[in-house]
Amino acid sequence: MPTAPPRHDHYIDGAWVPPADGAYLPSTNPATGRVWYKSARGNAEDARRAVDAAATAFENPAWRDLPQPRRGALLRRFAELIGEHAEELARTETLDNGKLLTEMRAQLASLPEYFHFYAGLVDKPHGETVPAARREILNYTVREPLGVVVAITPWNSPLLLTATKIAPALAAGNTVVVKPSEHTSASLLRLVPLFEKAGFPPGVVNVVTGYGDEVGAALVEHPRVAKVSFTGSTGTGSRIAASCASRFVRTTLELGGKSPNIVFDDADVANASTGIVAGVFAAAGQTCVAGSRVFAQRAVYDEVVERVSARAGAIRLGDPLLPETQLGPLAIESQRDRVEEYVRLGRSEGARVTAGGQRPAAGPGLAEGYFFQPTVFVDAVNSMRLCQEEIFGPVVAVMPFDTEDELIGLANGTEYGLAAGVWTRDLARAHRVSARLDAGTVWVNTYRSMSPMSPRSGFKSSGMGIEHGTEAMREYTRLKSVWINTDEGPAEDPFVLRS
Ligand code: NAD
């Protein structure tokens, strides 16, 4: 008899807590189409419990009064524990979202670095002594934690995107409630007991699972939440921003993209083509920074199309757990349908497919999963929906350009501004073009590089606020200015402004 898939509860106040109304959600392995676990389907009551637990933990002297170096030690211990469980966590992510095990191993290997980096910053943020107009006034500033931070994440890189939020949030002394994607909760649920093992007091980290419009919205609207840090689609980000703005709750928003990957005629075209493949076909294009619009200068356009189409046609699809696989399934069935719909749309708009364009023929391991061939379009123009809307799949449009000025107009010609790639051997051009691109990250002669040390942000509809780097830590603090009058003489005239 087949065994029932395991069920996971919420993690609140250091304990596993069943959902308030007893409901659970199935989660599917996208490589097989089979349900492999169920997670709690949270509601407003679960959201309330989790935020209340985090608010209580924020006031708990065991956390609030913990000296900074000891807070750093907890983060370091946690980083070591991730290292000890990295293989199990990487496998869990692959089973949950279908990304290659080789990629998830690399992500998990980098995860401890985020906690080490912010552990190193725990005792660095300090205020300033501010010059005062009067000698008897001492004016200084202090950076304080905000309180309860809600972190909401998407399905494409569940733990990495969680780490970018909770590592600086905890380092700054906040408490957190994390709501992972309803499609990929498993790895976080396996990670979270490690917080307890590392020694974090109960309630400092809480996890509630379920749908965005049920438990996610309830978290965002809870009056005791000080900040919402969100990664996901621009539409959801806009709704969260509006809700938070009406109550002056702070937000950091990392949203969608339609990033240009640009090849100048002086570039090493072989390297650039590898960068294009890495930019849009790695992770089956399910990355916010996917280089889904390629602009190739006229003299190298044909060569770029030829190389990228040939590489795309040769990519090995299959079981993401196998080391020889280069492209796994899309994470969700509806996402595969969406990609298919965009390919249909691209054709109807007049663009032409030079590689891929459909589901693969049912080969070994491909029959049941949500696979789609890596797809290259030519004869596209930047104003097409194919080139304006985020597809979040393995689909790229290659377009020609003639001059640098024309290129800048095309590259910046979407609502997004997340990332851009530039391939050139001309140093002056590399700087000139980087300066003119509307993108929070510009890569020159590389693509998709990232590190906890380097700030990431989205311009235009790609978001607000900064993640990674020392800047991110500030986003989880508030700045207070304290004025001390050291003069014990008679009080001044109450009707005159004092400086
Ligand atoms: P999504 O917006 O549908 O969902 C993201 C998260 O928000 C999920 O946990 C979901 O449950 C929750 N959510 C949905 N509605 C909500 C609501 N009303 N209130 C509160 N929470 C709600 O996005 P997705 O489909 O899971 O992820 C794909 C998107 O994420 C793409 O647009 C991609 O570009 C973006 N993304 C951005 C970055 C970045 O750093 N800029 C990184 C990865 C993914």
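Scoring rules and cut-offs
- Residues numbered from 1 in each chain as written.
- Predicted model: local features only at pLDDT ≥ 70, side-chain atom pairs only at ≥ 80, totals over all residues.
- Heavy atoms only, no water.
- Helix = DSSP H or I, 4+ residues; strand = E, 2+ residues; numbered from the N terminus.
- Rg over C-alpha atoms; globule rule 2.2 N^0.38 Å.
- Buried < 20%, exposed > 50% of the residue type's maximum accessible area, 1.4 Å probe, protein only.
- Contact = heavy atoms within 4.5 Å.
- Areas by Shrake-Rupley, 256 points an atom, 1.4 Å probe, with all protein chains shown as cover.
- Polar contact = N/O pair within 3.5 Å; in protein donor to acceptor, adjacent residues only side chain to side chain.
- Near = heavy atom within 4 Å.
- Nonpolar A, V, L, I, M, F, W, Y, C, P; charged D, E, K, R; others polar.
- Domains from an automatic or database assignment.
- Pairing = 2+ DSSP bridges.
- Axes fitted to C-alpha atoms, helices over the stretch in contact; angles between N-to-C directions.

Draft legend 1. Structural view of the overall build of the protein. Of regular secondary structure, the protein possesses 17 helices and 25 strands. Here the protein has a C-alpha radius of gyration of 25 Å; the compact-globule value for 499 residues is 23 Å, and the two agree. Considering the protein as a whole, with its 499 residues, one finds that 56% of them fall into the buried category. For the protein, long-range pairs separated by at least 24 residues make up 74% of all intrachain contacts whose partners lie at least 6 apart in sequence. Only carbon and sulfur atoms are counted for the fraction: they give 53% of the accessible area of the protein, which is about 20600 Å².

Draft legend 2. Local environment of the side chain of N412. With respect to the helices, strands and loops of the structure, N412 is situated in the loop between α15 (404-411) and β18 (416-417). For N412, a relative accessible area of 16% corresponds to the buried category. At a separation of 2.9 Å, a polar atom in the side chain of N412 contacts the main-chain carbonyl oxygen of R436. Every residue in contact with N412, bar those within four places of it in the chain, is listed here: R436, L437, D438 and K460.

Draft legend 3. Looking closely at the site of the ligand. Every one of the 27 residues lining the ligand counts as a neighbour, but K179, E182, S233, L255 and E390 are closest to it. At 3.4 Å, a side-chain N or O of E254 approaches an oxygen atom of the ligand. Within the backbone of L255, a nitrogen or oxygen atom sits 2.7 Å from a nitrogen atom of the ligand. Here the ligand has 850 Å² of accessible area as a free molecule, and 88% of this is covered by the chains. Elements with a minimum of two residues in the shell around the ligand: α9 (212-221), β11 (225-231) and α10 (234-246). Among the elements that make up the shell around the ligand, the one with the highest residue count is α9 (three residues). The residue inventory of the shell around the ligand, partitioned by class, reads twelve nonpolar, ten polar and five charged. For the shell around the ligand, the two domains that each supply at least three residues are domain 1 (7-255 + 462-482) and domain 2 (260-444).

Draft legend 4. Representation of unusual backbone geometry within the structure. At F248, a position not held by glycine, the phi torsion is positive, near 60°. With respect to the secondary-structure elements, F248 resides in the loop between α10 and β12 (250-254). Backbone geometry places A283, a non-glycine residue, at a positive phi of 60°. Within the secondary structure, A283 is located in the loop between α11 (269-281) and β14 (293-297).

Draft legend 5. Quick look at the sheet that holds strand β19 (residues 419-423). In space, the seven strands of this open sheet follow the order β15-β16-β17-β14-β13-β19-β20, with mixed pairing throughout. The open sheet has two edge strands, β15 (352-355) and β20 (441-444), and neither has a second partner. Strand-to-strand twist in this sheet, taken as the mean axis angle between neighbours without regard to direction, amounts to 25°. Relative to strand β16 (residues 375-378), β15 runs antiparallel, the two sharing three bridges. Across the sheet, residue A355 finds its bridge partner in β16, namely V376. Contacts from helix α12 (residues 298-314) reach β13 (260-263), β14, β15, β16 and β17 (395-401), with the element oriented near 140° to β14. With respect to the sheet, helix α13 (residues 333-348) is in contact with β15, β16 and β17, its orientation differing from that of β16 by roughly 20°.

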